[in-house]
Number of protein chains: 2
Amino acid sequence: MKKNKVKVTFLPQNETVKVEKGTTLLEASAKAGAYINSICGGDRICGRCRLIVKKGDVNTYPTTLLKREEIKKGYVLACQTKVIGDVVVEIPPESRVEGKILIDKDAQRFRALYAPMKEQVFFKYEPLVQKIYLKLPPSSLQDNISDHLRLYRSIKRQKKVAIMQTGLKVIRALPYILRNNDWKITATLGTRGGTVEIIQVEKGNATAKNFAVAIDVGTSTVVAHLVDLNNFETIDAEATYNSQMIYGEEVTRRIIYAELKGEHKLREAIVDDINNLITTLVSRNNIRLSDLMAIVCAGNTTMIHFLLELNPSYIRKEPYIPVCTFPPPIRAAEVGIKINPRGLLYSLPSIASWVGADTTAGILATGLYQANELTMLIDVGTNGEIVIGDKDWMVCCSASAGPAFEGSGVRNGMRAAEGAIERVKISEEGEIQYTTIGKGKPKGICGSGLVDTVAELFKAGFINRSGRLNPKINSKVRDINGELEFLLVPSSQTATKDEIVINRADIENLLRAKAAIFAGIKVLTKILSIEFSDIKRIYLAGGFGNYLNKENAITLGLIPDVEREKVQFVGNTAILGAKMALLSNDAFDTAYWISKNITYYDLITYPDYMDEFMSAKFLPHTDINEFPTVMEKIKRAV
Amino acid sequence: MKKNKVKVTFLPQNETVKVEKGTTLLEASAKAGAYINSICGGDRICGRCRLIVKKGDVNTYPTTLLKREEIKKGYVLACQTKVIGDVVVEIPPESRVEGKILIDKDAQRFRALYAPMKEQVFFKYEPLVQKIYLKLPPSSLQDNISDHLRLYRSIKRQKKVAIMQTGLKVIRALPYILRNNDWKITATLGTRGGTVEIIQVEKGNATAKNFAVAIDVGTSTVVAHLVDLNNFETIDAEATYNSQMIYGEEVTRRIIYAELKGEHKLREAIVDDINNLITTLVSRNNIRLSDLMAIVCAGNTTMIHFLLELNPSYIRKEPYIPVCTFPPPIRAAEVGIKINPRGLLYSLPSIASWVGADTTAGILATGLYQANELTMLIDVGTNGEIVIGDKDWMVCCSASAGPAFEGSGVRNGMRAAEGAIERVKISEEGEIQYTTIGKGKPKGICGSGLVDTVAELFKAGFINRSGRLNPKINSKVRDINGELEFLLVPSSQTATKDEIVINRADIENLLRAKAAIFAGIKVLTKILSIEFSDIKRIYLAGGFGNYLNKENAITLGLIPDVEREKVQFVGNTAILGAKMALLSNDAFDTAYWISKNITYYDLITYPDYMDEFMSAKFLPHTDINEFPTVMEKIKRAV
């Protein structure tokens, strides 16, 4: 009996295998040992298994993952293409497995940001997406309800669900999966705006594999945590730079770019970043993309707009209106995110145009919304968000600080990445001690290093209260063409062989940034008619990496001069809050409650703000009575 | 200043026009007077505006509406393709507007089935899909909630909605449509399983155009009614044969075909039929496809399975389990139905594998579920469904009658279409009077004509109680090779020039069909321990067209011998019920209530059924006491 076999040859390897007709090119490639890039493992999601058919005919499905010109050139997706006769195919370079490094190595350091979730969860553990194992009673003449109702009945016996929804694809799969698996299946249930959707059904007990990703979509940095929804542990974390940076460092610039060139470019950039992060996380942990059922995103309002390809234009124009602050859960695939094709993308709710889901997440993570004492949360970034409140009320505002705290707009500034100076001590003699991220030679200085440097220079008397360098003190202060600068690291000691200096403009940038935030704090307390002393706890959050010297933050006048034990640096609360929402429907609902129950003040409508800003541009402040303990330390500079 | 114009030439007309770069081929074709088939008017739904690019370059979007081979040949969709330079395109025959006749002319007769909806609606008028006009307050610094929440707030001020859902596409459109239209828009709201979805937003007041289609997906005939949701009037109706007929006349045969060749072929067939019906209805009434926001389908359980491409296999195998009896609303586009791309497809709920949504619709339309007196509904078709009940309880069963009542399996049988004999009177002398549908020369005999013929032959003494023709009576009874037959119409009087006869086998087929239904009625009454006299009203429904002689139905023994005023022929209650559900959320919910609150008896589990069937195969029945008034009329035949 003649077998129905055909030959498949893979180029450039020139490897030929015999396979049955109807075999996919992806299966054939594995048999030939000619491995092809396929993140999704044949689920038709990733579009990476591109091949070029050079000779012979194939049967392939219509796809939108290939461009028209590519189809004309013979491109096919290996997983969607069946061989029907002898065929020669070429594996183009981008589909070969040797691949590329997807993630900037520096970003590894963000792995240290593992969240102490187990202590943080105050909520009932019930993730947004759950898998439940069901042993259904087989159908019989006596019990002859439809497969669909039988599934509902079984789920309702295990779980209270008011409104259950199911897509046609899942219903279509039921008769096969039930009868081929002895009526034992696993249903994945996803919370969807007051209803529960049966996202998928799998054979047998598949509850062991249920993963999700929490993302902090930062303006500069995108952080992803991979979470096992069964034991609510963070398995791994990864970060990368937001590649929207090429369209502008500042949020407003990116909005303008989107207005000119279309929002899709911004979406594509951030979606690529997220897909790369996810790819790295799943590869490193041997997890299938199809076992990722959910992704939860926090980020400022504009970042969420970009992610969902919503028009961000009215965010920047008076009266500053976002399209959407409560985005509904959608299929992640709808914006191009590659997890399980039926997996859901949840965006945490934003508060207003300039106070985003990252702040909501921060309030959730710090528990500010249920604090017994008056608490303040300051999230320092390109915009500084300030929240004051307790369990009874909350207010917030946003201050445009500029990128200095993220190491940008500063001559030798850099992001909190390998080689960045993150801690600095300067003695009165000008002796400098510093620590870099990764302990190697310095490449530049990041936000926390900058805070230290300026505060230390001030304490050591190198700069005066207006931030002006004093040339008489020490040879480290140099006059270059009439501009004064302070030599932090000589060229002989840097990784780049360029010296690292801080100049008048750098100091001014930082002072403007801290003044913007402090003025925001000040105006907010004025609106509330409270004193700093009424605030019993201050959480300082932001993308500073693992370190921020709170003493120096006070010396600088970034935050009020309060008892030091009231101040706590809490790191990246956006990702923490996103993870809490992912792991608990209660927490997710609380995020909604928070964003609905907080009052937003737009500083632009408060004329006091500009006065406060001008007053705050000094070290630590024009009004020295605001900073009694700082002034006590500073003798010479006054 | 040089204009940015390019030349577009259309073949075969060889018509050239100059248009701006970026113009679509569809727009250019209109300018050239070279009209292209485009049902959707450029909404990228219909895929009919196919062109072949012969020369020059174009910009076109990826699409799955074209096959790979077609793309290679240069096919594009005119509405999705922009000209970027001089170009020559050919309009292939299928895209030319002169078109084809989509609907069988005979089907026109179904237009007479206009439903008297205004009398039938007992429900609050609130269609499944509503358009509401909203004048939103413009955003301001004081009222700065997001566009999305602003829309929700405005809707909630007009309408009570518990859970509102919105897709990303609608949210994306909001900032543009609100600001370009002075914050005046129309929102389309669709009921979706306990929630309300904002299906689309349109500029200004677009409430005037809100249409929907109700469909009866019959095994043989598909009927569509076009409804104006604003005044709940049926604008037009159309019918066509179910083209699944090529895969088998009987439901079971089609299931077997689906098992062998895949369900998609069955779905494609019925979806094509529905699309053709819709196309005809919208063209005839100058309505845009995009103004059709919903389609509601009734049909037997298997037909709904085919429509949704659900595996029907277990419907025919013990223990006879459907995949789904309560299909969720889906986007009509998901199964290929071409209305507004965001329009919804609602399927009415079925009761069991062999009692479908058409029966649910029938119960809804007749009001049986709220009857004060015991009522029976008999829906005669290839399967006969029998319902007995009142406002307190309902039971139902299904009897496999075979296709005789639909004019199939009978030598000169035909469907209730133009040229079918639908009424017959036969005198004792064998003088025959008949009426055809459309009043023309007869082509064959349909179900109602067959009922009349056999009953009249029986009353006139041409056949005895076992259905045997008596050769001695009249020359119209002929012996052909030992088989007796009755000449109904000589060849000289028929449209086909063939004579129309009825033979022993035809009569036996009809007797088997009526026996199956009567036995079902009988067993159901036995299960309930009631007498026929307890039933106060009998509704006789089915696809008989406009006519069924109830006296002859009793003479035949199809329905019990009860007082004639108790019996009412009610026509196609499936389409009536579907329309009621479409026009009223209350009615739709009632359909769910009906299908949940009715008890299904599977006749296969009742051994009595076969005995009853055998007894009912006589005219009118073995037990003449069952039919006292019939026996009084019949003297000779006993």
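Numbers given for residues are sequential positions, taken from 1 along each chain in its written order. Just so you know, chain letters begin at A and ligand numbers begin at 1, following the order they were written in. Local features are withheld for residues below a pLDDT of 70 in this predicted model, meaning they are given only at 70 or higher, and side-chain atom pairs are given and counted only at 80 or more; totals for whole chains, interfaces and linings count all residues. Processing note: side-chain calculations cover all non-hydrogen atoms of the structure and skip hydrogens and water entirely.

Peer 1: Quick one: what's the story with the packing of aromatic side chains, residue by residue and with numbers?
Peer 2: To pair, rings of Phe, Tyr and Trp, with the six-membered ring standing in for Trp, must have centres within 6.5 Å; the planes then decide the type, stacked if under 30 degrees apart, edge-to-face if over 60, and tilted in the middle. If you walk through the whole model with that rule in mind, you get 16 aromatic pairs over all chains. On the basis of an interplanar angle of 75 degrees and a centroid distance of 6.0 Å, the ring pair of Tyr601 of chain A and Tyr606 of chain A is categorised as edge-to-face. Taken together, the aromatic side chains of Phe326, Tyr346, Phe588 and Tyr592 of chain A make up a single cluster linked through ring pairs. For a ring to carry a charge above it, either NZ of a lysine or CZ of an arginine must fall within 6 Å of the ring centroid while also lying within 35 degrees of the normal to the ring plane. Here Arg179 of chain A stacks its cationic end above the ring of Tyr314 of chain B, 3.8 Å away from the centre of that ring. Looking at Lys317 of chain A, its charged tip hangs above the ring of Tyr314 of chain A, at a distance of 5.5 Å from the centre.

Peer 1: Provide a residue-level description of a positive patch on the surface, including the pertinent values.
Peer 2: Residues and elements named next belong to chain A. A cluster of like positive charges, contributed by Lys5, Lys7, Lys18 and Lys31, occupies part of the molecular surface. Counting from the N terminus, the helices are DSSP H or I runs at least four residues long and the strands are E runs at least two residues long. Relative to the elements of secondary structure, Lys18 occurs in strand 2 (residues 15–20). Type-normalised accessible area, obtained with a 1.4 Å probe on protein chains alone, sets the label of each residue: buried when under 20%, exposed when over 50%, and partly exposed for intermediate values. On the basis of relative accessible area, Lys18 is assigned to the exposed category, the value being 55%. Patches in this entry comprise residues that are over 30% relatively accessible and not in a salt bridge; like charges within 9 Å are linked, as are nonpolar side chains (Val, Leu, Ile, Met, Phe, Trp, Tyr) within 5 Å. Computed by Shrake-Rupley with a 1.4 Å probe, the accessible areas treat only the displayed protein chains as cover when residues are assessed. For this analysis, a salt bridge means a side-chain nitrogen from Lys or Arg found within 4 Å of a carboxyl oxygen belonging to Asp or Glu. All tallies of charge rest on Lys and Arg as positive and Asp and Glu as negative; His and the ends of each chain are not included. Positions of charges follow a simple convention, taking NZ of Lys, CZ of Arg, CG of Asp or CD of Glu.

Peer 1: So what's going on with the interface of chain B and chain A? Which residues, and what values?
Peer 2: Counting from both sides, the interface comprises 56 residues of chain B and, opposite them, 56 residues of chain A. Where chain B abuts chain A, roughly 4,600 Å² becomes buried across the two surfaces, and 64% of that area is made up of carbon and sulfur atoms. Along the contact surface separating chain B from chain A lie 0 salt bridges. Elements with a minimum of two residues in the side of chain B that touches chain A: helix 2 (68–72), strand 5 (75–77), helix 4 (147–158), strand 9 (164–166), helix 5 (168–180) and helix 7 (263–284) of chain B. A per-element tally of the side of chain B that touches chain A places helix 5 of chain B first, with 7 residues. Note on residue classes: Ala, Val, Leu, Ile, Met, Phe, Trp, Tyr, Cys and Pro are nonpolar, Asp, Glu, Lys and Arg are charged, and everything else, Gly too, is polar. Considered class by class, the residues forming the side of chain B that touches chain A number 26 nonpolar, 16 polar and 14 charged. Note on contacts: a residue pair is in contact if any heavy atoms of the two residues lie within 4.5 Å. Here the quantity called buried area is the total loss of accessible area, with a 1.4 Å probe, experienced by two parts when brought into contact, counted for both.

Peer 1: Describe in detail the sheet that holds strand 23 (residues 444–445) of chain A, supporting the description with residues and values.
Peer 2: Residues and elements named next belong to chain A. Strands are treated as partners if at least two bridges between them are detected by DSSP. Strands sit in the order 22-21-23 across an open sheet of 3 strands; the sheet is mixed. Strand pairing shows two members of the sheet lacking a second neighbour, strand 22 (432–436) and strand 23, which therefore form its edges. In this sheet, strand 22 lies alongside strand 21 (residues 420–426) in antiparallel orientation, the contact comprising 5 bridges. Following the sheet pairing, Lys425 is matched in strand 22 by Gln433.

Peer 1: Please give an account of the pattern of salt bridges that cites residues and values.
Peer 2: All names here are of chain A. Enumeration according to the criterion identifies 58 salt bridges over all chains in this entry. With a closest N to O distance of 2.6 Å, Glu197 and Arg331 form a salt bridge. Here Glu197 is found in strand 11 (residues 195–203), whereas its partner Arg331 is found in strand 16 (residues 330–331), with 134 residues between them in sequence. With respect to class, Glu197 is no different from Arg331; both count as buried.

Peer 1: Provide a residue-level description of the relation of the copies chain B and chain A, including the pertinent values.
Peer 2: C-alpha atoms of residues with pLDDT of at least 70 in both copies form the basis for the least-squares superposition of the copies. In the superposition of chain B on chain A (RMSD 0.1 Å, axial shift 0.0 Å), the rotation amounts to 180 degrees. Such a combination of rotation and displacement between the chain copies is what one expects of a two-fold axis. Within chain B, the C-alpha atom positioned nearest to the axis of rotation is that of Lys72 of chain B, 2.8 Å from it. With an isologous cut-off of 70% or more, the 100% of interface residues of chain B that recur at the interface of chain A puts this contact in the isologous class.

Peer 1: Would you mind going over the nonpolar core in detail, with residue names and values included?
Peer 2: For the purposes of this section, nonpolar cores are sets of buried Ala, Val, Leu, Ile, Met, Phe, Trp, Tyr and Cys residues that join through side-chain atoms within 4.5 Å. Residues Ile274, Ile278, Ile295, Ile337, Leu345, Leu348 and Ile363 of chain A are the most contacted members of the largest nonpolar core, which totals 95 residues. Ranked by residues supplied to this core, first place goes to helix 7 (residues 263–284) of chain A with 9 residues. Once residues lying within four places of it in the same chain are set aside, the contact partners of Leu348 of chain A are Val296, Cys297, Ala298, Thr325, Pro327, Ala357, Ala361, Gly577, Ala578, Ala581, Phe588 and Ala591 of chain A. Counting 94 residues, the second-largest nonpolar core is a separate cluster that includes Ala361, Ala541, Ile575 and Leu583 of chain B.

Peer 1: Describe the sheet that holds strand 10 (residues 184–192) of chain A, and please don't skip the residues or the numbers.
Peer 2: Pairing between the strands of a sheet is mediated by backbone hydrogen bonds and can be parallel or antiparallel. All names here are of chain A. The sheet built from 4 strands is open, its strands ordered 8-10-11-9 with mixed pairing. The open sheet has two edge strands, strand 8 (129–135) and strand 9 (164–166), and neither has a second partner. Averaged over all pairs of adjacent strands, the angle between their axes in this sheet comes to 35 degrees, without regard to strand direction. Looking at chain direction, strand 9 and strand 11 are connected through 3 bridges and run parallel. What sits directly across from Thr166, in strand 11, is Ile198. For helices, the fitted axis covers only the stretch in contact; all axes are lines through C-alpha atoms, and the angles between them, taken along N-to-C directions, range from 0 to 180 degrees. Helix 5 (residues 168–180) contacts strand 9, strand 10 and strand 11 of the sheet and is inclined by roughly 35 degrees relative to strand 11.

Peer 1: Which residues make up helix 15 (residues 585–596) of chain A, and what are the values?
Peer 2: One fewer than the residue count of a helix, multiplied by 1.5 Å, yields its expected span. Counted at 1.5 Å a residue, the expected span for helix 15 of chain A with its 12 residues is 16 Å, and the 17 Å between its end C-alpha atoms agrees. When we look at burial in helix 15 of chain A, the residues that qualify are Asn585, Ala587, Phe588, Thr590, Ala591, Tyr592, Ile594 and Ser595 of chain A.

Peer 1: Quick rundown of the pairing of strand 12 (residues 211–217) of chain A? Include the residues and the values.
Peer 2: Residues and elements named next belong to chain A. Among the 7 residues that make up strand 12, 7 are buried, leaving the element largely enclosed by the rest of the structure. With burial as the criterion, each face of strand 12 is covered, one bearing Phe211, Val213, Ile215 and Val217 and the other bearing Ala212, Ala214 and Asp216. Linking strand 12 to strand 13 (residues 221–228), which pair antiparallel, is a turn of 3 residues. Strand direction decides the pairing type here: strand 12 and strand 15 (residues 292–299), joined by 7 bridges, are parallel. Bridge pairing in strand 15 places Phe211 opposite Leu292.

Peer 1: How would you sum up the packing of helix 6 (residues 251–261) of chain A against helix 7 of chain A? Please name residues and give values.
Peer 2: All names here are of chain A. With their axes 6 Å apart at the nearest point, helix 6 and helix 7 run at an angle of 125 degrees to one another. Comparing their axes, helix 7 and helix 6 come out oblique. Of helix 7, the residues touching helix 6 (which contributes Arg254, Tyr257, Ala258 and Lys261) are Glu263, His264, Lys265 and Leu266. Each angle is binned into one of four classes, with values under 35 degrees roughly parallel, values over 145 roughly antiparallel, values of 65 to 115 roughly perpendicular, and all other values oblique.

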